[in-house]
Amino acid sequence: MPVEEKVWTVIDIIRWGTGYLAEKGFDEARLTVELLLGETLGVKRFDLYVKHDQPLKKSELDQFKVLLKRRLSHEPVQYILGKTNFYSIELKVDKRALIPRPETEILAEAVIEHCRTFLSQKDVVRVLDVGTGSGCLAIAVAKFVKNSSVVAIDKSAAAIELAKENARGTGTEEKITFVQSDFLKLENNVFETGFDVIISNPPYIPESELASLAQDIRDFEPVDALSDGRDGMTFFRKISEAAPMLLRDGGWVFVETAYGQAKDVARIFSENGGTELLVKKDLSNIERVVRSRFFSSRHD
Ligand SMILES: C[S@@+](CC[C@H](N)C(=O)[O-])C[C@H]1O[C@@H](n2cnc3c(N)ncnc32)[C@H](O)[C@@H]1O
């Protein structure tokens, strides 16, 4: 930002900042500037336009510059703001966990719809969320499935801490039990069984693809939340192997998959006894969610 003593109004900052970020190659430059300026001034994005000719105080300009610098270092906007929206729920987010993604709302919707349609007659629908991160999926299910009771596990103590804060912040803490546990060492850490549904958005990026991720993701989000350190399929194998033990007979698994993974995941599920397989696409027409049913003994 030029240093001369100039009066900067809200609209000046929006115009200048948008051009500057765009020139540096950042997507969604205008949205980013509006969000950072809204945060600086403590107002909603759309209210900025009501105040378009309001001059900024020096302290406000300084604060805006600090936030803009963070974005210029590629820190995701959600971490800078410390919050995001998931399934119309406002959640706290920071470096302790992955930022919930819009495509994960497809998984949330599939599970919520399934529980409401097929499991509404049960006194309690017991759901296990594997790799809860910020708690987004567990919280969405707890909020929108009236008769749900959720166990949410994560290997990361920091993520569990954040997820608990989010559960308290959304009034869902009574319906969710958080457990710090390594799902890949399940045999040593069995917590509960008899679940109706397992839901998971696991770390599915193959290690070989980590280096090609955008800097925003690579440098800021926890690597254990992104990749299994192998071929990206570790959790899908483990979930489907453990499903007959963790689920009640005929219980369901819903997982999110990366672009191009759904068919392999469906095959792995089927090889481990999964039936009634269904693949759901996201809004970009990418196969995003795999659903399967598991029986403790094969019924075929
Ligand atoms: C892709 S993130 C998903 C977070 C959240 N459910 C979401 O959808 O935004 C995967 C999560 O799995 C957790 N995780 C990684 N390895 C794990 C393991 N061995 N056992 C349990 N959780 C694990 C990570 O800490 C991370 O929070």
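The paragraphs below set out a description of the structure included in this document. (Residues numbered from 1 in each chain as written. Predicted model: local features only at pLDDT ≥ 70, side-chain atom pairs only at ≥ 80, totals over all residues. Heavy atoms only, no water.)

## Considerations on the site of the ligand
- Taken together, 21 residues lie around the ligand, and Gly-131, Asp-154, Asp-182, Phe-183 and Asn-201 are the ones closest in.
- Asp-154 is positioned such that a nitrogen or oxygen atom in its side chain is 2.6 Å from an oxygen atom of the ligand.
- Compared with its free state, where it exposes 600 Å², the ligand has 96% of that area covered by protein.
- At the level of secondary structure, the elements contributing two or more residues to the shell around the ligand comprise helix H6 (136-144) and helix H9 (223-226).
- By residue class, the composition of the shell around the ligand is 10 nonpolar, seven polar and four charged. (Near = heavy atom within 4 Å. Polar contact = N/O pair within 3.5 Å; in protein donor to acceptor, adjacent residues only side chain to side chain. Areas by Shrake-Rupley, 256 points an atom, 1.4 Å probe, with all protein chains shown as cover. Helix = DSSP H or I, 4+ residues; strand = E, 2+ residues; numbered from the N terminus. Nonpolar A, V, L, I, M, F, W, Y, C, P; charged D, E, K, R; others polar.)

## Quick word on the side chain of Thr-84
- By the secondary structure assignment, Thr-84 is in strand E1 (residues 83-86).
- With relative accessibility at 12%, the residue Thr-84 sits in the buried group.
- Thr-84 has contacts with Gln-78, Ile-89, Glu-90, Leu-91, Val-93 and Pro-100, leaving out every residue within four places of it along the chain. (Buried < 20%, exposed > 50% of the residue type's maximum accessible area, 1.4 Å probe, protein only. Contact = heavy atoms within 4.5 Å.)

## Quick notes on the environment of Ile-99
- Residue placement: Ile-99 occurs in the loop between strand E2 (89-92) and helix H5 (104-118).
- By relative accessible area, Ile-99 is classed as buried at 3%.
- For the pair Ile-99 and Ala-225, spaced 126 residues apart in sequence, the C-alpha separation works out to 9.8 Å.
- In this structure Ile-99 touches Pro-76, Gln-78, Tyr-79 and Glu-221, once residues within four positions along its chain are discounted.

## What to know about the pattern of salt bridges
- Per the counting criterion, the structure on display carries 26 salt bridges.
- A salt bridge links Asp-182 to Lys-185; its shortest N-O distance comes to 3.9 Å.
- Given a relative accessible area of 48%, Lys-185 falls into the partly exposed group.
- Among the ionic pairs, Asp-264 bridges to Arg-267, the shortest N-O distance being 3.5 Å. Here Asp-264 and its partner Arg-267 are both found in helix H11 (residues 262-271), three residues apart, which amounts to about one turn of the helix.
- Each of the salt bridges in this network shares a partner with another, and the network as a whole consists of Lys-92, Asp-94, Arg-96, Glu-161 and Glu-165. (Salt bridge = Lys/Arg side-chain N within 4 Å of Asp/Glu carboxyl O.)

## Considering the packing of aromatic side chains
- All told, the structure shown has five aromatic pairs when counted by the stated rule.
- Aromatic side chains Trp-8 and Trp-16 sit 6.0 Å apart centroid to centroid with 70 degrees between the ring planes, which places their arrangement in the edge-to-face category.
- A relative accessible area of 6% places Trp-8 in the buried class.
- With a centroid separation of 4.9 Å and 15 degrees between ring planes, the pair formed by Trp-16 and Tyr-20 is classed as stacked. A residue pair is termed a helical-turn pair when its members lie 3 or 4 positions apart in one helix, as Trp-16 and Tyr-20 do in helix H1 (residues 10-23) at four residues.
- With relative accessibility at 25%, the residue Tyr-20 sits in the partly exposed group.
- Among the aromatic residues, those joined into a ring-pair cluster are Trp-8, Trp-16 and Tyr-20. (Phe/Tyr/Trp six-rings, centres within 6.5 Å; stacked < 30°, edge-to-face > 60°.)

## Examining the sheet that holds strand E6 (residues 195-200)
- Within the open sheet, the seven strands sit side by side as E5-E4-E3-E6-E7-E9-E8. Their pairing is mixed. Each edge of the open sheet is held by one strand with a lone partner, namely strand E5 (176-180) and strand E8 (275-281). Taken pair by pair, the neighbouring strands of this sheet meet at an average axis angle of 15 degrees, ignoring direction.
- Examined bridge by bridge, strand E7 (residues 247-256) and strand E9 (residues 287-294) share six bridges and lie antiparallel to one another. Bridging from a neighbouring strand, Glu-256 pairs with Val-289 of E9.
- Taken strand by strand, H6 contacts strand E3 (125-130), strand E4 (148-154), E5 and E6, and its axis lies near 175 degrees from that of E4.
- Contacting E4 and E5, helix H7 (residues 157-169) crosses the sheet at an angle of about 165 degrees to E5. (Pairing = 2+ DSSP bridges. Axes fitted to C-alpha atoms, helices over the stretch in contact; angles between N-to-C directions.)

Shape is all these values report; function is a separate question.
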